Amino acid sequence: VRQEILKLTGKKARALEQFGLDADKPIVLSIGGSQGARSINVALDTNLEKFVEKGYQLLWQTGKFYKGEANIRVKSIGSKLLQAHEFIYKMDLAYAAADVVISRSGAMSVTELSLVGIPCILVPFPYASEDHQTSNAMALVNNNAGILVKDKDVKDKLFHEVDNLL
């Protein structure tokens, strides 16, 4: 685990400044890895207007394959509540800012989310060998530390789960 992730205390103000976020509005961090998670990206893209209507800020790591599409959508909506980044290099600051995290459930992601203690929605990659990402997610879900949304349901259920948590 990256050592800076273990030391989030006192970083919120710097995180808000780094990303230009408003401390008075909820912040949702979505991470899908450096390649991005297409289903999560599509689900977010489909619901961007709902984020704006609710006043939720979205710090969205799109991955390299969805960056262009996401930037076009974010620009067309024209709200400062929405940010699309190909990759977030300062993950400690992103975690420090976040009220809710949306993530795949690879071993490292689940480990980091366990350590930072941020409410999370996990969307396991359905084609991972032996469906290990679902098992990883269930380690948090079974301890009331996360919510699982199946990849096939993410487009219809993701925003609802985010809204419920916030």
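Procedures and definitions
Residues numbered from 1 in each chain as written. Predicted model: local features only at pLDDT ≥ 70, side-chain atom pairs only at ≥ 80, totals over all residues. Heavy atoms only, no water. Phe/Tyr/Trp six-rings, centres within 6.5 Å; stacked < 30°, edge-to-face > 60°. Buried < 20%, exposed > 50% of the residue type's maximum accessible area, 1.4 Å probe, protein only. Axes fitted to C-alpha atoms, helices over the stretch in contact; angles between N-to-C directions. Helix = DSSP H or I, 4+ residues; strand = E, 2+ residues; numbered from the N terminus. Parallel < 35°, antiparallel > 145°, perpendicular 65-115°, else oblique. Left-handed = near helix turned anticlockwise from the far one by under 90°. Contact = heavy atoms within 4.5 Å. Nonpolar A, V, L, I, M, F, W, Y, C, P; charged D, E, K, R; others polar. Expected span 1.5 Å × (residues − 1). Core = buried A, V, L, I, M, F, W, Y, C linked by side-chain atoms within 4.5 Å.

### Things to note about the packing of aromatic side chains
A full pass over the atoms with the stated rule returns six aromatic pairs. An angle of 75 degrees between the planes, with centres 5.6 Å apart, marks the rings of phenylalanine 125 and tyrosine 127 as edge-to-face. What makes phenylalanine 125 partly exposed here is its relative accessible area of 33%. Three or more aromatic residues joined by ring pairs form one cluster here, namely Phe51, Tyr56 and Phe159.

### Thoughts on the packing of helix H6 (residues 107–116) against helix H7 (residues 132–141)
Contact geometry of H6 with H7 gives a least axis separation of 9 Å together with a crossing angle of 10 degrees. What the angle tells us is that H6 and H7 run roughly parallel. Where H6 crosses over H7, the two elements pack in a sense that is right-handed. Residues Ala107, Val110, Leu113 and Ser114 of H6 form the contact with H7, whose participating residues are Asn136, Ala137 and Leu140. Here the contact of H6 with H7 is built from residues that sort into five nonpolar, two polar and no charged.

### Some words on helix H8 (residues 154–165)
In a regular helix each residue adds 1.5 Å, so 12 residues correspond to 16 Å; H8 covers 15 Å between its end C-alpha atoms and thus fits that length. Each element contacted by the buried residues of H8 is listed here: strand E1 (27–31), helix H2 (38–46), helix H3 (48–54), strand E4 (100–103), strand E5 (120–122) and strand E6 (147–148).

### Focus: unusual backbone geometry
Phi is positive for glutamate 130, close to 55 degrees, though the residue is something other than glycine. In this fold, glutamate 130 is placed in the loop between E5 and H7. With a phi close to 50 degrees, aspartate 131 is a non-glycine residue in the positive phi region. Mapped onto the elements of the fold, aspartate 131 is located in the loop between E5 and H7.

### Some details on the nonpolar core
One finds Leu29, Met91, Tyr95, Val101 and Leu113 to be the most contacted residues of the largest nonpolar core, which totals 27 residues. Going through the elements one at a time, helix H1 (12–19), E1, helix H5 (91–97), H6, E5 and H7 are the ones with two or more residues in this core. The element best represented in this core is H5, accounting for six residues. With near-sequence residues (within four places) excluded, methionine 91 lies in contact with Arg2, Ile5, Leu29, Ile31 and Gln61. Ranked by size, the runner-up nonpolar core spans 24 residues in total, among them Ala37, Leu44, Val100 and Val149.

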